Amino acid sequence: MAHIELKNIKKSFGLVDVIKGVDLEIFSGEFMVFVGPSGCGKSTLLRLMAGLEDITSGEMTFDGTLVNALAPSKRGIAMVFQSYALYPHMTVYENMAFGLELAKSSKETIKERVEKAAELLQITPYLSRLPKQLSGGQRQRVAIGRAIVRDPKVFLFDEPLSNLDAALRVATRLEIAKLHHAMNSATMVYVTHDQVEAMTLADRICVLRDGLVEQVGTPLELYENPQSLFVAGFIGSPK
Ligand code: ADP
Ligand code: MG
């Protein structure tokens, strides 16, 4: 469980201001979706939450604790990227077990967690296969499984389905929705440029524009009452 607060978060790369003062609260257990045009800072914001980049200024807290300077491994987060980045020479089981082995979990715990995650994602029959023997959708499930086994408080997804074809995208989106229900205390932050994904998965959507929050609200709120043409353009209402 984690309640995330971003207070006036800024991030610059050299002289370029990419995140320009983001204030946002993400509630514990919430499914928050970030949308916005390419280059508006969605991935950067996720990377700041993950601790993969340093914040230039502002405060980020998880459950009230300042995490600005906390190492990624201490944040209780797991990140799933667009490309699956599985280890090609390891089986599915080994890929999923790897992070737990690094964390020195016992063999029994590892087995139990990997099997449970595999069942949830319906990849049990593939545990002894190598990544190259899987389809794209199956690989992405393994990548998600690798995140689940660590039992994170926060999941960060960066366009996890965009490399999949349309049918697989739908199937995997349903898996992610199920996952959110199955892990009902985890907070999920999910970046997508797919309107349907945003509308169907989100408890709330945060529309980003040029490094700032343009509007935050439930899919229905944004649909019925977009504050700008820009928001309407992302949410698909006629305004
Ligand atoms: P999005 O995910 O919304 O497409 P990004 O967060 O990837 O956008 O990028 C936002 C802006 O920050 C882009 O203009 C990008 O070029 C720039 N940017 C991202 N990462 C770096 C970096 N490591 N160094 C310099 N510029 C970067
Ligand atoms: Mg991105």
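Everything below is about the structure shown above.
Cut-offs used in this document
Residues numbered from 1 in each chain as written. Chains lettered and ligands numbered in written order. Predicted model: local features only at pLDDT ≥ 70, side-chain atom pairs only at ≥ 80, totals over all residues. Pairing = 2+ DSSP bridges. Helix = DSSP H or I, 4+ residues; strand = E, 2+ residues; numbered from the N terminus. Near = placed C-beta within 6 Å. Nonpolar A, V, L, I, M, F, W, Y, C, P; charged D, E, K, R; others polar. Buried ≥ 20, exposed ≤ 12 C-beta atoms within 10 Å, placed from the backbone.

Participant: Hey, could you run me through the sheet that holds strand β5 (residues 65–66) in this one?
Facilitator: Hydrogen bonds between backbone groups are what pair the strands of a sheet, and the pairing can be parallel or antiparallel. Spatially, 4 strands are ordered β2-β1-β4-β5 in an open sheet, and the strand pairing comes out antiparallel. At either end of the open sheet lies a strand with only one pairing partner, and these are β2 (16–26) and β5.

Participant: Looking at this model, I keep getting lost on the site of ligand 1. Mind explaining?
Facilitator: Around ligand 1 lies a shell formed by F13, V16, V18, G36, S38, G39, C40, G41, K42, S43 and T44. Of all the secondary-structure elements, those providing two or more residues to the shell around ligand 1 are β2 and α1 (42–50). Looking at which element gives the most residues to the shell around ligand 1, the answer is α1, with 3 residues. Split into classes, the residues belonging to the shell around ligand 1 amount to 4 nonpolar, 6 polar and 1 charged.

Participant: Explain the pairing of strand β3 (residues 31–35) to me, please; I cannot follow it from the model alone.
Facilitator: The buried fraction of β3 is high, at 5 of 5 residues. Side chains of β3 alternate between two faces, with F31, V33 and V35 and M32 and F34 buried alike. In this sheet, strand β8 (residues 187–191) lies alongside β3 in parallel orientation, the contact comprising 4 bridges. Looking at the pairing, V33 lines up with Y190 of β8. Relative to strand β9 (residues 204–209), β3 runs parallel, the two sharing 4 bridges. Considered in β9, the bridge of F34 is made with C206.

Treat this as a map of the structure, not an account of what it does.
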